[in-house]
Amino acid sequence: MSQIVQSPGSPRGATAVTVDSAPQQYLTFTLGGEMFAVAILNVKEIIEFGTVTEIPMMPSFIRGVINLRGAVVPVIDLSCRFGGKPTEVARRTCIIIIELEQDEHKHDIGVMVDAVSEVLEIARSEIEPPPSFGAKIRTDFISGMGKVGGRFVIILDVARVLSIEEIAMLTQAADAGGTEVA
Amino acid sequence: MLNNLKIGTKLGVGFAITLVLLVAIATVGTIRLQSLSNDLELIVNDRNPKAVWANDVIESLNVIARAMRNTLLLKSSAEIDKEIERITAERKVIADRYEKMQATFNTERGKAALKGTLEAREAYIPMLEHFLELVKAGQQEQAVAYMLGDFRKQQNAYFGEVRSLIKLVNDITANEGKNALEAAAAARTLMIGLAVLAFILTVLAAFVITRSITRPVGQVVDAARKMAAGDMNFTLTSDAKDEVGEVVRSVAAVQSSVVALIADANALSEAAVAGRLATRADAGKHQGDYRKIVEGVNGTLDAVIGPLNVAASYVDRISKGDIPARITDSYNGDFNTIKNNLNTCIDAVGRLVADANMLSAAAVAGRLSTRADAGQHQGDFRKIVEGVNATLDAVIGPLNVAANYVDRISKGDIPARITDSYSGDFNTIKDNLNTCIEAVNKLVADANLLSAAAVAGKLETRADATQHHGDFRRIVEGVNDTLDAVVSPIQDVQRVMGAMAQGDMTQTITQAYQGDFAVLKEAINNTIAKLSETIAQIITAADALSNAAGQVSATAQSLSQASSEQAASVEETTASLEQMTASVTQNTENAKVTDNMATKSAKEAGEGGEAVGRTVEAMKSIADKIGIIDDIAYQTNLLALNAAIEAARAGEHGKGFAVVAAEVRKLAERSQVAAQEIGELAGSSVKAAERAGHLLDEMVPSIQKTSDLVQEIASASQEQSTGVAQINNAMGQLNKATQQNASASEELAATAEELGGQAGQLQQLMEFFSVEGGRGAVRGFSAPAARVSARPARPAARSVAALIDESDFEKF
């Protein structure tokens, strides 16, 4: 993963000369007023919030599935997943399609966020380890705290956020979709 | 008492007594008979039926007893039943009788007796029933024993009760019959008593009435007989008030009337014998035919005495020279002869008197040639007339001469002396006439002398009185005195009038005169005094008039000045009013312009509101459009992000693309920010525009209100303008009036000065007269001097004069 993002890629990266401190690109978004970030290589694309088909017998943080160019993609309400309120749909509400690799299989999962902000490069030196407590969320979701412009951006660990149990459930849903696709 | 009633009343009383007793007898008899009839009816209709009914009961009981025995004796049951039916029938009869008796018994005793009977019957009926049952049962032996035993006892008791009832009824009936007989006997006794009483009273009344009629009638018959025999010497009196009493009193009245008639006849005959033919009987004392008799006797006397009295009075009047008219009344017989002789005498005397009258009247009238015709008279009357005619002839000759002379003297034609000779008294007349002619001639000569002198103004000339005698001398002396008396006053008057002609009013006539001359003197003196007084007053009045004219002039001057000042102030006022008019008109114009402007402002404000509304709409659509731009920017942003993601995923190969994507994203971001700013601006513009529209909407009504107010101001100004124009008009009239006042006061001043001049002239005229004490002269000179000095100084010292004359003004 580090070699994917090792290149400076931007004129501002003149400051990041070392490989260790080579900056990595992150996609930032806002959720419930907080700013989060995910590694851009995990992101497949961003789409506007469209029609979501709700699926019965699902936990509340799974909003349903969407039709992404013929493929069935489940959509997770991240705010709900973090124990907050269900996300209200607004003009800037977006779905970030995230690509997960599990057991040599790639899965696409849609994450519902309030708004996407921008693509940032954050140097490694600017990333602090996650705090032991104090945050609203479980710390194992967090891969680190990036400092951007004097404030912290929570960098989420995508694999943890979408944990095994959820994955399993997602796998079942994906299997149903996969067989259909196959 | 009976004598005071009339015969009819007496008879009425007698018959009334009889009738009352008759009615009493009839009433008593009727009442008693009715009572007897009631008793009989009671006995027949009530008592007797009761006894019959009780006997019927006993009869029926006997039949029942016989039937009962028959039932015991008979063997055939049919016959027994027949007997039983008889018993039943009789029992019905008994029940019927009892019902009737119960209905009619109403006394206590009767009811008690009937109740005993009924009790016995109630005990009897069951026993009879029992017996009949025994018979029907065929138990003959027991029936016989029962019938002869208990039943018989009860039956006998029953019979006893019924019989006692019958006895009671009979007793009552007998008692009532006895009572009726007693009542009948009492009624008979009473009726007999009443009849006897009626008989006695009737006989008594008949006797009394008859007696009261027959006794006075006898007296009257006696009196009538005496009157028929001419014997009036009796007296008839009665104090009874009935018809007989009336008859007695009427006969007595006849007696008294006849006696009075006889007395009057005696008195008249005695008076005629004694020659007192004027004596008359008083007819008013008698009545009816008696009065006619007396009046006839009086009439007879009048008929005899009338002609006698006429003849006596005619002869008496002729003897006294009062010749009466001929007698024209018609008389009969001897009275007519007397009348004719009297008329002949009256005619002869009348003719003589007529001739005498004619002659004397002619002599009195101066017609002395008149003579009477002696041939009309006879006897001594003719001689009288012839003598008178001769006397007249002797007197007339000298008288005619004297009359002629006197006539000429009286006409002023004095004749010459009489030269004829007359004898006796006629000569004396001639001499006297001659003397008279001379005296008159002398008097005429003197009078001519005096009158000629007076005509020539020679008032001193007098006639010589000594040439005349007697009254002629007194005439001449009187004429002289008259001239003396006339001349002196004329001279005094001459003197006083001459002084007055010179203006000297102080001269008066002081000499004493009498009569008309005194009046003349008083008149002249009074005239002078009055005239001088009047002149003094005229002088005073002229002074006062002069003063007043000066004051009037001063007042008129001040009035004129005041009018001029007033006219000036009126002109100032008029000028101010014109300025006011101009400003009011300006106000009106301004108000109109303001009104137009306000109306226009209101309209424009409305249009501005609409424009702002449209602006708001446009702003809103701009905001919408900007939303579209914002969306486009957002989508561009998303596309840039996706491009960045794709570039990152492409690694080294995508770096260039990543840069482009980043730039695109920045552009998108900037356009988004710009869109957002424009949106905010548009929103705030919309708010401002809305507020402006709101404000404009609020402005429109207040502008409208302003417009209305300004219109009111404009109309008020219009009214003000009209009012001011009217005031202007009034001020013009006031101005004219003030100017008229000014000219009038100036004319007044001129007139006052003219008046002052006239007053001065009057004063100068009055100076001519000198009056008592010379006051007029002093006044007359001082007044014009004061006036002349005052007149030039007046214009300068007007206000001072006004101040000084304040008090005088009030007096005038």
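Coordinates for the structure precede this section.
Residues numbered from 1 in each chain as written. Chains lettered and ligands numbered in written order. Predicted model: local features only at pLDDT ≥ 70, side-chain atom pairs only at ≥ 80, totals over all residues. Heavy atoms only, no water.

A.B. asks: For this particular structure, what's the right way to read the overall build of chain B?
C.D. replies: In terms of regular secondary structure, chain B is built from 15 helices and zero strands. Of the contacts formed within chain B by residues at least 6 apart in sequence, a portion of 68% connects residues at least 24 apart. Total accessible area computed for chain B in this model is approximately 50200 Å², and 59% of it derives from carbon and sulfur atoms. (Helix = DSSP H or I, 4+ residues; strand = E, 2+ residues; numbered from the N terminus. Contact = heavy atoms within 4.5 Å. Areas by Shrake-Rupley, 256 points an atom, 1.4 Å probe, with all protein chains shown as cover.)

A.B. asks: How should the overall build of chain A be read in this particular structure?
C.D. replies: For chain A, the helix and strand inventory stands at three helices and 11 strands. Considering chain A as a whole, with its 182 residues, one finds that 46% of them fall into the buried category. Counting only contacts in chain A whose residues sit at least 6 apart along the sequence, the fraction spanning at least 24 positions is 52%. Summed over all atoms, the accessible surface of chain A reaches about 9900 Å², with 54% contributed by carbon and sulfur. (Buried < 20%, exposed > 50% of the residue type's maximum accessible area, 1.4 Å probe, protein only.)

A.B. asks: Please clarify how the interface of chain B and chain A should be interpreted in this entry.
C.D. replies: Frequently, the measure chosen for interface size is the accessible area removed from exposure when the parts meet. Taken together, the 20 residues of chain B in the interface contact 21 residues of chain A. Across the chain B to chain A interface the summed buried area is about 1700 Å²; carbon plus sulfur atoms make up 51%. Seen at the junction of chain B and chain A, the total is five salt bridges. For the salt bridge of B:Asp630 with A:Arg91, the shortest nitrogen-to-oxygen distance reads 3.3 Å. (Buried area = accessible area lost by both parts, 1.4 Å probe. Salt bridge = Lys/Arg side-chain N within 4 Å of Asp/Glu carboxyl O.)

A.B. asks: Would you mind showing me how to read the nonpolar core here?
C.D. replies: In a soluble, globular protein the nonpolar side chains are often hidden away together inside. With 40 residues, the main nonpolar core has A:Leu27, A:Phe29, A:Val116 and A:Leu156 as its most contacted residues. Take this core: its biggest share by element is seven residues, from helix 11 (residues 515-649) of chain B. Within the second largest apolar cluster, 38 residues are counted, among which are B:Ile80, B:Met101, B:Leu114 and B:Leu128. (Core = buried A, V, L, I, M, F, W, Y, C linked by side-chain atoms within 4.5 Å.)

A.B. asks: Honestly, the side chain of B:Ser563 in this entry has me stumped. Any pointers?
C.D. replies: Residues and elements named next belong to chain B. Looking at where serine 563 falls in the secondary structure, it is placed in helix 11. Of the residues examined, serine 563 reaches a relative accessible area of 5% and is grouped as buried. Setting aside anything within four residues of it in sequence, one finds serine 563 in contact with Thr738, Asn741, Ala742 and Ser745.

A.B. asks: Help me understand the pattern of salt bridges, please; the structure alone is not making it clear to me.
C.D. replies: Any two side chains of opposite charge can pair, so long as their charged atoms come close to each other. All names here are of chain B. A complete count under the given rule lists 33 salt bridges over all chains for this structure. Where arginine 91 meets glutamate 129, a salt bridge forms, and the shortest distance between an N and an O atom there is 2.7 Å. Taken as a pair, arginine 91 in helix 2 (residues 77-104) and glutamate 129 in helix 3 (residues 108-137) lie far apart in primary sequence, 38 residues in all. Exposure remark for arginine 91: the relative accessible area of 24% places this residue in the partly exposed category.

A.B. asks: How do you make sense of the packing of helix 4 (residues 140-228) of chain B against helix 5 (residues 243-273) of chain B when you look at a structure like this?
C.D. replies: Helix packing geometry: the angle between the two helix axes and the distance between the axes. Residues and elements named next belong to chain B. Running from amino to carboxyl end, helix 4 crosses helix 5 at an angle of 15°, the nearest separation of the two axes being 9 Å. Between helix 4 and helix 5, the interaxial angle falls into the category roughly parallel. In the packing of helix 4 onto helix 5, the handedness of the crossing is left-handed. Across the interface between the two elements, Ile213, Pro216, Val217, Val220, Ala223 and Met227 from helix 4 touch Val244, Val247, Val248, Val251, Val254 and Gln255 from helix 5. In the contact of helix 4 with helix 5, the residues fall into 11 nonpolar, one polar and no charged. (Axes fitted to C-alpha atoms, helices over the stretch in contact; angles between N-to-C directions. Parallel < 35°, antiparallel > 145°, perpendicular 65-115°, else oblique. Left-handed = near helix turned anticlockwise from the far one by under 90°. Nonpolar A, V, L, I, M, F, W, Y, C, P; charged D, E, K, R; others polar.)

A.B. asks: It is not clear to me how unusual backbone geometry should be interpreted in this structure. Could you clarify?
C.D. replies: Most peptide bonds adopt trans geometry, and most residues besides glycine take a negative phi value. Positioned with a positive phi, A:Arg69 is a non-glycine residue whose angle comes to about 50°. Here A:Arg69 is to be found in the loop between strand 4 (62-68) and strand 5 (71-77).

A.B. asks: Sorry, what's going on with the sheet that holds strand 10 (residues 142-148) of chain A here?
C.D. replies: Strand pairing within a sheet occurs via backbone hydrogen bonds; the two strands may be parallel or antiparallel. As summarised here, the arrangement of the six strands in space is 8-1-2-11-10-9 (chain A), forming an open sheet in which the pairing is mixed. Pairing within the sheet leaves two strands with one partner each, and these edge strands are strand 8 (115-122) and strand 9 (127-128) of chain A. When strand 2 (residues 34-39) of chain A meets strand 11 (residues 151-156) of chain A, the two strands line up parallel, connected through two bridges. The partner of A:Phe36 across the bridge, within strand 11 of chain A, is A:Ile154. Against the sheet, helix 11 of chain B makes contact with strand 1 (24-31) and strand 8 of chain A, and its axis sits at roughly 35° relative to strand 8 of chain A, the strand it touches most. (Pairing = 2+ DSSP bridges.)

A.B. asks: Mind showing me how you'd approach the environment of B:Ile703 here?
C.D. replies: Mapped onto the fold, B:Ile703 is located in helix 12 (residues 655-766). When neighbours within four sequence positions are excluded, B:Ile703 is seen to be in contact with B:Ala598, B:Ser601, B:Ala602 and B:Ala605.

A.B. asks: What's the story with the sheet that holds strand 3 (residues 43-48) of chain A in this structure? I'm lost.
C.D. replies: The five strands are arranged 3-6-7-5-4 (chain A) in an open sheet whose pairing can be described as mixed. Sheet topology places strand 3 and strand 4 of chain A at the edges, where each strand pairs with a single neighbour. Put simply, the sheet's adjacent strands are angled 30° from each other on average, direction ignored. Relative to strand 7 (residues 105-113) of chain A, strand 5 of chain A runs parallel, the two being bridged by three bridges. Residue pairing across strands places A:Asp77 opposite A:Met112, the latter belonging to strand 7 of chain A. Contacting strand 3 and strand 6 (94-102) of chain A, helix 11 of chain B crosses the sheet at an angle of about 170° to strand 3 of chain A.

A.B. asks: Looking at this model, I keep getting lost on a nonpolar patch on the surface. Mind explaining?
C.D. replies: Taken together, the side chains of B:Ile192, B:Val196, B:Phe199, B:Ile200 and B:Val203 define a hydrophobic patch exposed on the protein surface, amounting to about 500 Å² of accessible area. With respect to the secondary-structure elements, B:Val203 resides in helix 4. (Patch = residues over 30% accessible without salt bridge, like charges linked within 9 Å, V, L, I, M, F, W, Y side chains within 5 Å.)

A.B. asks: Help me out: how do you make sense of the side chain of B:Arg47 in this one?
C.D. replies: Residues and elements named next belong to chain B. Within the fold, arginine 47 resides in helix 1 (residues 7-73). What makes arginine 47 buried here is its relative accessible area of 12%. Excluding residues that lie within four positions of it along the chain, arginine 47 makes contacts with Leu42, Val169, Ile172, Thr173 and Glu176.

A.B. asks: How should I be thinking about the environment of B:Ile396 in this particular structure?
C.D. replies: Residues and elements named next belong to chain B. If you trace the backbone, isoleucine 396 turns up in helix 8 (residues 380-410). Overall, the relative accessible area of 13% leaves isoleucine 396 in the buried class. As a C-alpha pair, isoleucine 396 and leucine 368 span 28 residues in sequence and 6.7 Å in three-dimensional space. When neighbours within four sequence positions are excluded, isoleucine 396 is seen to be in contact with Leu368, Ser369 and Arg371.

A.B. asks: Would you take a moment to explain helix 5 of chain B for this structure?
C.D. replies: At 3.6 residues per turn, the α-helix brings residues three or four places apart onto the same side. Residue and element names in this part refer to chain B. Taking 1.5 Å of rise per residue, 31 residues should cover 45 Å, and helix 5 covers 45 Å from first to last C-alpha, within 8% of that figure. If you check which residues of helix 5 are buried, you get Val244, Gly245, Val248, Val251, Ala252, Gln255, Val258, Leu261, Asp264, Leu268 and Ala271. Contacts from the buried residues of helix 5 go to helix 1, helix 4 and helix 6 (288-319). At the exit of helix 5 stands glycine 275, carrying a positive phi of roughly 85°. (Expected span 1.5 Å × (residues − 1).)

A.B. asks: Can you help me understand the packing of helix 1 of chain B against helix 3 of chain B in this one?
C.D. replies: Residues and elements named next belong to chain B. Running from amino to carboxyl end, helix 1 crosses helix 3 at an angle of 20°, the nearest separation of the two axes being 11 Å. Between helix 1 and helix 3, the crossing angle belongs to the class labelled roughly parallel. Where helix 1 crosses over helix 3, the two elements pack in a sense that is left-handed. Contact with helix 1, carried on its side by Leu61, Ile64, Met68, Thr71 and Leu72, involves Tyr124, Leu128, Phe131 and Val135 of helix 3 and no other residues of that element. Per-class residue counts for the contact of helix 1 with helix 3 are eight nonpolar, one polar and no charged.

A.B. asks: How should I be thinking about the pairing of strand 4 of chain A in this particular structure?
C.D. replies: Residues and elements named next belong to chain A. Burial of strand 4 is extensive: five of the seven residues sit out of reach of the surface. Direction of pairing for strand 4 relative to strand 5: antiparallel, over a ladder of six bridges. Considered in strand 5, the bridge of isoleucine 62 is made with isoleucine 76. The hairpin formed by strand 4 and strand 5 contains two residues between the paired strands, and arginine 69 there has a positive phi angle of roughly 50°.

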